[in-house]
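Structural overview
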Amino acid sequence: AQSVTQLGSHVSVSEGALVLLRCNYSSSVPPYLFWYVQYPNQGLQLLLKYTSAATLVKGINGFEAEFKKSETSFHLTKPSAHMSDAAEYFCAVSVFGGTSYGKLTFGQGTILTVHP
Amino acid sequence: DAGVTQSPTHLIKTRGQHVTLRCSPISGHKSVSWYQQVLGQGPQFIFQYYEKEERGRGNFPDRFSARQFPNYSSELNVNALLLGDSALYLCASSPRQEAILDTQYFGPGTRLTVL
């Protein structure tokens, strides 16, 4: 079975500062990894995904994440935070095959607060 | 183009009742997945349907069931509601059965409150 651990349920940064949201995964087979963002009272929006191509993945809104197999990590970064980045972020893992080709296993989420 | 739509937006039920939640995928998308998101937690996978057949099921009791119609819309049914079923129910659609290879688009969810 796959699992994801997001380190830090709340992260607070100043506008213009680096954003770093941490995600570690567990999987016995090569994983697919995802970052989603959820704004209040909305569904989830895909930021980026890793599917075994380049280890540095660039997503929307200036976010990127690096797959590090040796550290089983997939941390999300953005060089300069914007007020509009305030939201909850979810890391998710999946594998090809298994019980379902559609199953995502999500972490607990990290709430990002951006201060002026 | 319209995104994934879900109805109703909010729902209040009492323990023991049943509920039906509805999802309309993006036009052309044949795969629909359902997730339960309890307050303060990440979403948990309930079902995936593709071409009207169940293609995956999460660790949920038999009180939870779903179906997909010829137009690829889907219903999630929950019987004998418990307080713990209170959650945001999310629907996601994608073009193929191999949904993880595509971008899964999520709807805004149905907020279910069980009293």
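Keep in mind the model is a prediction, meaning the values are calculated, not measured. (Residues numbered from 1 in each chain as written. Chains lettered and ligands numbered in written order. Predicted model: local features only at pLDDT ≥ 70, side-chain atom pairs only at ≥ 80, totals over all residues. Heavy atoms only, no water.)

1. Digging into the sheet that holds strand E7 (residues 64-68) of chain A
Residues and elements named next belong to chain A. For clarity, the threshold we go by: Strands are labelled as partners when DSSP assigns at least two bridges between them. Only DSSP runs of H or I covering at least 4 residues are called helices, and only runs of E covering at least 2 are called strands; the numbering of each starts at the N terminus. Where helices are involved, their axes are fitted lines through C-alpha atoms of the stretch in contact, as for all axes, and angles between N-to-C directions lie from 0 to 180°.
Spatially, five strands are ordered E1-E3-E8-E7-E6 in an open sheet, and the strand pairing comes out antiparallel. In the strand order of this sheet, the two ends are held by strand E1 (3-7) and strand E6 (56-58), each with one partner. Ignoring strand direction, the axes of neighbouring strands in this sheet form an average angle of 20°. Note that E1 and strand E3 (residues 19-26) share five bridges and pair antiparallel. When the bridges of E3 are listed, Leu7 appears paired with Arg22.

2. Brief notes about the state of the cysteines
Residue and element names in this part refer to chain A. Rules: Cysteine sulfur atoms are paired as a disulfide whenever they fall within 2.5 Å. Whether a residue is buried, partly exposed or exposed follows from its accessible area with a 1.4 Å probe, protein chains only, as a fraction of its type maximum: under 20%, in between, or over 50%, in that order.
Counting across every chain of the model gives two disulfides over all chains. A sulfur-sulfur distance of 2.0 Å marks the disulfide that ties Cys23 to Cys91. Judged by the sign of its S-S torsion, about -65°, the cystine formed by Cys23 and Cys91 is left-handed. Taken together, the residues span a long stretch of sequence, with Cys23 in strand E3 and Cys91 in strand E9 (residues 87-94) at a distance of 68 residues. On the basis of relative accessible area, Cys23 is assigned to the buried category, the value being 0%.

3. What about the packing of aromatic side chains?
Residues and elements named next belong to chain A. Short version of the rule: By convention, a stacked pair of Phe, Tyr or Trp rings (six-membered ring in the case of Trp) has centres within 6.5 Å and planes under 30 degrees apart, an edge-to-face pair has planes over 60 apart, and any other such pair is tilted.
Going through the model one piece at a time under the given rule, you end up with 14 aromatic pairs over all chains. Ring plane angle 90° and centroid distance 6.3 Å describe the contact between Phe90 and Phe106, whose orientation is recorded as edge-to-face. Of the two residues, Phe90 is situated in strand E9 and Phe106 in strand E10 (residues 105-106); the sequence distance between them amounts to 16 residues. Taken individually, Phe90 and Phe106 each receive the classification buried, so the pair is uniform in this respect.

4. As for the pairing of strand E2 (residues 10-14) of chain A
Residues and elements named next belong to chain A. Residue alternation in E2 divides its side chains into a buried set, Val11 and Val13, and an unburied set, His10, Ser12 and Ser14. Bridge count for E2 against strand E11 (residues 110-115) is five bridges, and the pairing is parallel. Counted as the bridge partner of Val11 is Leu112 from E11.

5. So, the environment of Gln45 of chain A
Residues and elements named next belong to chain A. As a reminder, the rule being used: Between two residues, a contact is recorded if the distance between any of their heavy atoms is within 4.5 Å.
Along the chain, Gln45 turns up in strand E5 (residues 44-50). The spacing of Gln45 and Phe90 is 45 residues in sequence and 9.8 Å in space, taken between C-alpha atoms. Excluding anything up to four places from it in sequence, Gln45 contacts Trp35, Tyr36, Val37, Tyr39 and Ile60.

6. Observations concerning the interface of chain A and chain B
Accessible area lost during the coming together of the parts is what is often quoted as the interface size. What counts is decided by this rule: Summed over both partners, the accessible area (1.4 Å probe) lost when two parts come together is defined as the buried area. We define a salt bridge as a side-chain nitrogen of Lys or Arg found within 4 Å of a carboxyl oxygen belonging to Asp or Glu. Definition of a polar contact: a pair of N or O atoms within 3.5 Å, with one able to donate and the other able to accept a hydrogen when the atoms are protein atoms, and with sequence-neighbouring residues admitted only if both atoms are side-chain atoms.
Tallying the contact residues gives 22 residues for chain A and 24 residues for chain B. In total, chain A and chain B occlude about 1,800 Å² of area from one another, counting both sides; carbon and sulfur atoms represent 58% of this. Contact with chain B buries area across many residues of chain A, yet Leu44, Tyr101 and Gly102 of chain A alone supply 26% of it, more than any other trio. Linking chain A with chain B are zero salt bridges. Applying the counting criterion to the chain A and chain B interface returns two residue pairs in polar contact (both at pLDDT 80 or more). Sorting the residues of the side of chain A that touches chain B by element identifies strand E4 (32-38), E5 and E9 of chain A as the ones contributing at least two each. At four residues, the largest contribution of residues to the side of chain A that touches chain B is made by E4 of chain A.

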